[in-house]
Amino acid sequence: DDLMWKGAGAPLDHTLIPPVFIGAFDLFLFVQDNAAVQDELRKVLAKRVADAMTQEVVSINVDASMAEASQLMLKKKVNSLPVVEGTKVVGVVTRHDVLRALIASHSPLLE
């Protein structure tokens, strides 16, 4: 499904993915990762939740620290994590939640 082509002078066993340029509002954005662009387009054009959802679910245990949640979000490149206790989902933690906790830990007014 990726747009692929043989680069001029590239060995026959090497396939190159051409760069993607997205233009909007007199601006052009260079995108290096075609797969990421295709995945985001699939989500934007989705008609059903099943078409837009992330299939590889990354969750975190209810006893984990906010630091662990932050590290996991960064590592897995996700914006939210289902919070589980055993096999049951008991909540969701988002990047906003992590940021708010970080700010509160450094500001006595927000505790």
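From a predicted model like this one, the values you see are computed outputs, not experimental measurements.

Novice: Sorry, what's going on with the nonpolar core here?
Specialist: The biggest cluster of nonpolar side chains holds ten residues, and these are Val58, Ile60, Ala69, Leu72, Met73, Val78, Leu81, Val83, Val93 and Val98. Counting only elements with at least two residues in this core, the list comes to helix 3 (66-76) and strand 4 (80-85). Tallying contributions element by element places helix 3 first for this core, with three residues.

Novice: Where do I start with the pairing of strand 4 in this structure?
Specialist: One face of the sheet, then the other: side chains in a regular strand alternate in exactly this way. Examined bridge by bridge, strand 3 (residues 60-61) and strand 4 share two bridges and lie parallel to one another. Following the sheet pairing, Asn61 is matched in strand 4 by Val84. Relative to strand 5 (residues 88-94), strand 4 runs antiparallel, the two being bridged by six bridges. Across the sheet, Val84 pairs through a bridge with Val89, a residue of strand 5. Counting the residues that bridge the hairpin from strand 4 to strand 5 gives two residues, and of these Gly86 lies at a positive phi of roughly 70°.

Novice: Which parts of the structure should I look at to understand the confidence of the model for the chain?
Specialist: As a note on interpretation, predicted positions should not be read in detail where pLDDT is low. Residues of the chain with pLDDT of at least 70 account for 64%, and the chain-wide mean is 76. The model gives residues 1-7 a pLDDT under 50, and that stretch makes 21 contacts with residues more than four places away or in other chains.

Novice: Can you walk me through the sheet that holds strand 3 in this structure?
Specialist: Strand-to-strand pairing in sheets goes through backbone hydrogen bonds, with the strands running parallel or antiparallel. Pairing within the open sheet is mixed, and its three strands lie in the order 3-4-5. Each edge of the open sheet is held by one strand with a lone partner, namely strand 3 and strand 5.

Novice: Would you mind showing me how to read unusual backbone geometry here?
Specialist: When glycine is set aside, most residues are seen to have a negative phi, and most peptide bonds are trans. Notably, Lys77 is not glycine yet its phi reads approximately 55°, a positive angle. Inspection of the secondary structure puts Lys77 in the loop between helix 3 and strand 4.

Novice: What's the story with a nonpolar patch on the surface in this structure? I'm lost.
Specialist: Among the surface-exposed residues, Leu41, Val44 and Leu45 lie close enough to one another that they form a single nonpolar patch of about 320 Å² accessible area. Taking the relative accessible area as the measure of exposure, Leu41 reaches 46% and is therefore partly exposed.

Novice: Just to check I follow, could you spell out the pattern of salt bridges for this structure?
Specialist: When charged atoms on two side chains of opposite charge get close, those side chains can pair. Counted under the stated rule, the structure contains one salt bridge. One salt bridge in this structure joins Asp97 and Arg100, with 2.8 Å as the shortest N-O distance. One end of the pair, Asp97, and the other, Arg100, are both in helix 4 (residues 95-105), three residues apart, so they sit about a helical turn from each other. Judged by relative accessible area, Arg100 falls into the partly exposed class, the value being 47%.

Novice: Is there a simple way to think about the packing of helix 3 against helix 4 in this case?
Specialist: The packing of two helices is summarised by the inter-axis angle and the distance between the axes. Helix 4 packs onto helix 3 with a crossing angle of 135° between their chain directions and a minimal axis gap of 10 Å. When the interaxial angle is binned, helix 3 and helix 4 end up oblique. Considering how the two elements wind past one another, helix 3 and helix 4 form a crossing that is left-handed. Contacts between helix 3 and helix 4 involve Met66, Ala69, Ser70 and Met73 from the first element and Arg95, Asp97, Val98 and Ala101 from the second. Class assignment of the residues belonging to the contact of helix 3 with helix 4 gives a composition of five nonpolar, one polar and two charged.

Conventions and cut-offs
- Residues numbered from 1 in each chain as written.
- Predicted model: local features only at pLDDT ≥ 70, side-chain atom pairs only at ≥ 80, totals over all residues.
- Heavy atoms only, no water.
- Core = buried A, V, L, I, M, F, W, Y, C linked by side-chain atoms within 4.5 Å.
- Buried < 20%, exposed > 50% of the residue type's maximum accessible area, 1.4 Å probe, protein only.
- Helix = DSSP H or I, 4+ residues; strand = E, 2+ residues; numbered from the N terminus.
- Pairing = 2+ DSSP bridges.
- pLDDT = per-residue confidence, 0-100.
- Contact = heavy atoms within 4.5 Å.
- Patch = residues over 30% accessible without salt bridge, like charges linked within 9 Å, V, L, I, M, F, W, Y side chains within 5 Å.
- Areas by Shrake-Rupley, 256 points an atom, 1.4 Å probe, with all protein chains shown as cover.
- Salt bridge = Lys/Arg side-chain N within 4 Å of Asp/Glu carboxyl O.
- Axes fitted to C-alpha atoms, helices over the stretch in contact; angles between N-to-C directions.
- Parallel < 35°, antiparallel > 145°, perpendicular 65-115°, else oblique.
- Left-handed = near helix turned anticlockwise from the far one by under 90°.
- Nonpolar A, V, L, I, M, F, W, Y, C, P; charged D, E, K, R; others polar.

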